[in-house]
Amino acid sequence: MHVVVNAAMSADGKLSSRRREQIAISGDEDFARMDRLRADSDAVVVGVGTVLADDPHLTVKDESLIDERRDRGEPAHPARVVVDSTGRTPLDAAVLDDTATTYVCTSERATIDDRMDLSNRAELVTAGDDRVDLLRAFATLQGQGLERIMVEGGGELIFSLFEAGLVDELRVFVGPKVIGGRDAPTLADGEGFVADFPILELESLERVGEGALLTWRTAER
Ligand code: NAP
């Protein structure tokens, strides 16, 4: 399995404002790059915080990329995965429509009723007692043949993936806005590390539209 975390952050490292609403950080060129990365993935993963804030569809937008996937014998869109301990993904969320297969990863904390409701619209993966055990959940996804994983955020999930040692690559578009706010989400939130910081190796740095794309690989800890 290869896990790529892709995100767009402001020049000051925020994924969104303190209101946690979706903010346009990327431009057209970065959207096109992101769409290609989606099209080259088996699954696109987000945390439930992102579903609640942005209601993303997580499908490939460019028809020619969809055709390429079909030509390769793949489904039109990658699978969608929501990491959601208690099953609070709204049943009318865009990720639960029938455009693509969706997995909802829950923990034992999700009630039977919520699991039954979600199971009508998604494949359920149960891993972990309190929060989703990401190592176990990702192993289950791998068992379903999902090898090329793209994670689209948000900051809580990204931190946990680094903590679990699951990130192979980090691709960050740094856009030309300053958002600020101590309570605004950053690229990696969670508890934060105080030691044993994951170390990255810079693979490339390129100008994309009005911003910069940084591609990092995780080094051995
Ligand atoms: P998030 O990372 O999308 O989701 C976090 C939630 O996932 C947690 O609160 C938790 O809720 C659930 N979860 C379950 N197991 C977990 C685990 N092991 N580790 C971490 N989380 C786990 O939410 P967020 O950090 O609040 O990010 C949402 C914000 O980011 C929004 O403002 C959105 O607009 C922004 N965003 C920006 C970008 C970008 O590229 N600029 C991309 C995506 C999102 P439960 O305990 O209920 O399960």
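About the criteria used
Residues numbered from 1 in each chain as written. Predicted model: local features only at pLDDT ≥ 70, side-chain atom pairs only at ≥ 80, totals over all residues. Heavy atoms only, no water. Helix = DSSP H or I, 4+ residues; strand = E, 2+ residues; numbered from the N terminus. Rg over C-alpha atoms; globule rule 2.2 N^0.38 Å. Buried < 20%, exposed > 50% of the residue type's maximum accessible area, 1.4 Å probe, protein only. Contact = heavy atoms within 4.5 Å. Near = heavy atom within 4 Å. Polar contact = N/O pair within 3.5 Å; in protein donor to acceptor, adjacent residues only side chain to side chain. Areas by Shrake-Rupley, 256 points an atom, 1.4 Å probe, with all protein chains shown as cover. Nonpolar A, V, L, I, M, F, W, Y, C, P; charged D, E, K, R; others polar. Core = buried A, V, L, I, M, F, W, Y, C linked by side-chain atoms within 4.5 Å.

With that settled, consider the overall build of the protein. In terms of helices and strands, the protein carries six helices and nine strands. Computed over the C-alpha atoms, the radius of gyration of the protein is 17 Å, within 12% of the 17 Å expected from 2.2 N^0.38 for a compact globule of 221 residues. When the backbone C-alpha atoms are referred to their principal axes, the protein occupies close to 45 × 45 × 35 Å. Here the protein holds 221 residues, and 48% of them are scored as buried. Within the protein, residue pairs in contact and separated by at least 24 positions form 66% of the contacts whose partners lie at least 6 positions apart.

This part takes up the environment of E191. Tracing the backbone through its elements, the reader meets E191 in the loop between strand 7 (169-174) and strand 8 (200-208). Overall, E191 belongs to the exposed group, its relative accessible area being 76%. Sequence separation between E191 and A110 is 81 residues; the distance between their C-alpha atoms is 23 Å.

Within the element layout of this structure, E210 appears in the loop between strand 8 and strand 9 (211-218). Classification of E210 by relative accessible area gives exposed; the value is 62%. On a C-alpha basis, the gap between E210 and F193 in space is 31 Å, while along the polypeptide they are 17 residues apart.

Here the focus is the site of the ligand. In the vicinity of the ligand, 29 residues are found, and the nearest of them are A8, R20, T50, S85 and S160. Contact between the ligand and R88: an oxygen atom at 2.7 Å from a side-chain N or O atom of the residue. One of the backbone N or O atoms of E156 is found 2.9 Å from an oxygen atom in the ligand. Within the complex, the protein chains bury 88% of what would otherwise be the 930 Å² of accessible surface of the ligand. For the shell around the ligand, the leading source of residues is helix 2 (residues 48-54), giving five residues. Its residues assigned to classes, the shell around the ligand comprises 10 nonpolar, 11 polar and eight charged.

With that out of the way, let us pick up the nonpolar core. Membership of the largest hydrophobic core comes to 33 residues, with the highest contact counts inside it found for V45, L134, F138, I149, V151, L161 and L187. Those elements that provide at least two residues to this core are strand 1 (2-9), strand 2 (43-47), strand 3 (79-83), strand 4 (102-106), helix 5 (134-143), strand 6 (148-151), helix 6 (155-163) and strand 7. If we skip the residues at most four places from it in the chain, L134 touches V83, L157, S160, L161 and L166.

The values reported here are purely geometric and, on their own, carry no functional implication.
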